[in-house]
Structure formats: structure tokens, C-alpha cells
Amino acid sequence: MECALRPWRIEDKYALADTINNKRIQDNLRDGLPYPYTVDDAEEFIRATLSADKTKTFAFAITASNTLIGSIGVFRCGNIHFRTAEMGYYIGQPYWGKGYATSAVKQICRYVFDNTDILRIFAEPFAYNTASCHVLEKAGFQLEGTLRSNAVKNGRILDMRLYALVKEFAASQTPIA
């Protein structure tokens, strides 16, 4: 399924709060998000995103049929990794399994590679999150390895998988219409 990426709008705060106020989504994200997630939390996130350094943060709302269904961002690393960026994303549960995440990942990678000097985008999903791993694989990311006992989430020690897409490989991919 096709989706669109667009800049965040303050009025997205209601749909964002509704989407991310879901324990199943938050269990697959890094810590730091409050639960329950309020409209005020959503507005704070949107304002921070809109004021972020546009050379380091590439963050978008994911929409389908003009409805907010998720979030995606690519964040430039620093120091010797300044041409590398980390990607994170989530899709609202009603939209899981419909191809929206794969479409959004392909779109943001193409955008970042076409508009910046970033050479490598990586993502680190929890190893148990096979749906996210599958999204990355379908988007052309290569599994580089398993990061054993790499995180503690909800009191559990978890493995993570390291996936990456490099610009040369991305350039050979067929663009999304």
C-alpha cells in the first residue's frame, strides 16, 4: 500500500496521541515516551521536531488517505559518523501488515540520500520484532548482525538486529512511483 510522508503539523497532536498511546507500539520503541501518551506530549514532540536542526533531523508524519497513521525519522549521527544516520518509525496498529511501513522507509531513505550527503542509514529493531525486521528487508536493508544483550526494555534483556542501507545500494533500487 502507498502512503505519503509530510511535515508535522501542530493539529496532528490529537491523531498522534491516539496512535502512540498503545502499549504494543511503545513496547517496540526506545524508552522515554510517557504512557499514557497525552495530547500535550504529542504537541511537545511536534514542536521539538519542527524546531530541530534540518541538517540533522529528517522527521515526517506518515499518512494514508490524508489520515495520520504513523511517524518516521532519520537522525544524523555525529563525530566520525556524521555521514551516517539512524532511522526509527512506527505505524498505528490498525495499519499493520498493509505495506505502509515499507513504503515509508523506502520514501524517507530516497529523500535522505537524494537531499543530503548521508551515505548510510541504519536501524536497530529488537530481534523479536520480526515484522519490523521484515519491513527493513523488503526496503532493501541488509542484516549486518545481531547485537546480543544490547538493550533492557520492560525489565528484559534483549537482542537487537542491526540493519543498514548504503547510498550506492539505494541508488540501484527502483524508485517508488
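These notes cover the structure that comes with them. (Residues numbered from 1 in each chain as written. Predicted model: local features only at pLDDT ≥ 70, side-chain atom pairs only at ≥ 80, totals over all residues. Heavy atoms only, no water.)

### Overview of the pattern of salt bridges
Tallying each qualifying case throughout the model produces ten salt bridges. A salt bridge links D12 to R6, with the shortest nitrogen-to-oxygen separation between them at 2.8 Å. Accessibility classification places D12 together with R6 in one group, the buried group. A salt bridge links K153 to D31; the shortest N-O distance between them is 2.8 Å. One end of the pair, K153, is in strand β6 (residues 142–153); the other, D31, is in the loop between α2 (23–26) and α3 (39–51), with 122 residues separating them in the sequence. (Salt bridge = Lys/Arg side-chain N within 4 Å of Asp/Glu carboxyl O. Buried < 20%, exposed > 50% of the residue type's maximum accessible area, 1.4 Å probe, protein only. Helix = DSSP H or I, 4+ residues; strand = E, 2+ residues; numbered from the N terminus.)

### Quick word on the nonpolar core
In this structure, I72, M87, V105, C109, I121 and F141 are the most contacted members of the largest nonpolar core, which totals 30 residues. Breaking this core down by element, the ones donating at least two residues are β2 (57–64), β3 (67–76), β4 (84–91), α4 (100–115), β5 (120–123), α5 (130–138) and β7 (156–166). Sort the elements by how many residues they give to this core and α4 lands first, with eight residues. Beyond its immediate chain neighbours, meaning those up to four positions away, C109 contacts M87, I121, F141 and L165. (Core = buried A, V, L, I, M, F, W, Y, C linked by side-chain atoms within 4.5 Å. Contact = heavy atoms within 4.5 Å.)

### Things to note about the pairing of β7
Here is the key point about a regular strand: its side chains alternate between the two faces of the sheet. In this sheet, β7 lies alongside β5 in antiparallel orientation, the contact comprising four bridges. Each residue of the ladder has a partner; that of R120, found in β7, is V166. As paired elements, β6 and β7 share eight bridges and run antiparallel to each other. Following the sheet pairing, K153 is matched in β7 by R156. Count of turn residues in the β6/β7 antiparallel hairpin: two residues, of which N154 carries a positive phi of about 55 degrees. (Pairing = 2+ DSSP bridges.)

### Notes on the packing of aromatic side chains
For the structure shown, the criterion picks out four aromatic pairs. Seen from their ring centres, Y95 and Y100 are 6.2 Å apart, and the 70 degrees between their planes marks the pair as edge-to-face. Note on Y95: relative accessible area 26%, which makes it partly exposed. Using a relative accessible area of 9% as the deciding quantity, one classes Y100 as buried. Looking at R156, its charged tip hangs above the ring of Y128, at a distance of 5.5 Å from the centre. (Phe/Tyr/Trp six-rings, centres within 6.5 Å; stacked < 30°, edge-to-face > 60°. Lys NZ or Arg CZ within 6 Å of the ring centre and 35° of its normal.)

### A word on the pairing of β3
With respect to burial, β3 is a largely interior element, seven of its ten residues being buried. With antiparallel pairing between neighbouring strands as the criterion, β2 and β3 make up a hairpin whose turn holds two residues, including S65 at a positive phi of roughly 50 degrees. Direction of pairing for β3 relative to β4: antiparallel, over a ladder of seven bridges. Bridge pairing in β4 links I72 to Y89.

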